[in-house]
Amino acid sequence: HVALIREGTDMTHDGAIRNRISLRALTAFADAHGDDEIKQEENRVAIAEWGGISPLVSLLWSPDRPGVNNSLYAARVLGMLATVEENANAIAEEGGISPLLQLATFRNFRRHAITRTTKMRVSSRHAHQIDEAIHTLAVLAENSTVARNSIVSNEGIPLLVDKIRNFVEVDGIA
């Protein structure tokens, strides 16, 4: 499945479906063996060694088609791969921070007035996309100085603080 993704990000609907299937298979492979952390790490290193990081980063930029949310699955797989320091460094070096910040900061975001006060409402698909991107950024920051520096240089800290502030306001915590 890495080979299918590595061949290119086919933007046709059929290509997007093939990418989604490959991404789901990579997700399962990266998360395989449940509590066997050694085997999980081996699988995650193998995906990177097979050349999986660069096309996964490219898929973060891909436009999603109805029913096909490849950027969500790409972010999910990258989050799993980022638990290995070398992979986290490679993700940052491949330019993965910028598209993750884009996904985390309301790409395709819509605002709706849902009560007397204006609150943010994000479709469930976009909410998952945002959650995956933020989770992946957190894992990257936890495991890689290169990623932390890239988040800072891409002005990610103010974006993420604003994200927290928005959620606090929506949930009525402030």
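Residues numbered from 1 in each chain as written. Predicted model: local features only at pLDDT ≥ 70, side-chain atom pairs only at ≥ 80, totals over all residues. Heavy atoms only, no water.

**Things to note about the nonpolar core**
The tendency in soluble globular proteins is for nonpolar side chains to be buried side by side.
Turning to step 1, where the next piece is worked out: Formed by 34 residues in total, the largest nonpolar core has its most connected members in L81, I97, L137 and L140.
Turning to step 2, where the next piece is worked out: Here this core takes eight residues from helix α5 (residues 70-81), the largest share from any one element.
Turning to step 3, where the next piece is worked out: Once residues lying within four places of it in the same chain are set aside, the contact partners of L140 are A82, A88, I91, I97, L100 and A147. (Core = buried A, V, L, I, M, F, W, Y, C linked by side-chain atoms within 4.5 Å. Buried < 20%, exposed > 50% of the residue type's maximum accessible area, 1.4 Å probe, protein only. Helix = DSSP H or I, 4+ residues; strand = E, 2+ residues; numbered from the N terminus. Contact = heavy atoms within 4.5 Å.)

**Some points on the environment of L100**
Turning to step 1, where the next piece is worked out: In this fold, L100 is placed in helix α7 (residues 97-104).
Turning to step 2, where the next piece is worked out: On the accessibility criterion, L100 (0% relative accessible area) is buried.
Turning to step 3, where the next piece is worked out: Sequence separation between L100 and E132 is 32 residues; the distance between their C-alpha atoms is 8.8 Å.
Turning to step 4, where the next piece is worked out: When neighbours within four sequence positions are excluded, L100 is seen to be in contact with L60, A75, A133, T136, L137 and L140.

**What about α7?**
Turning to step 1, where the next piece is worked out: α7 sits mainly inside the fold: six of its eight residues count as buried.
Turning to step 2, where the next piece is worked out: Residues of α7 that are buried include every one of I97, P99, L100, L101, L103 and A104, and no others.

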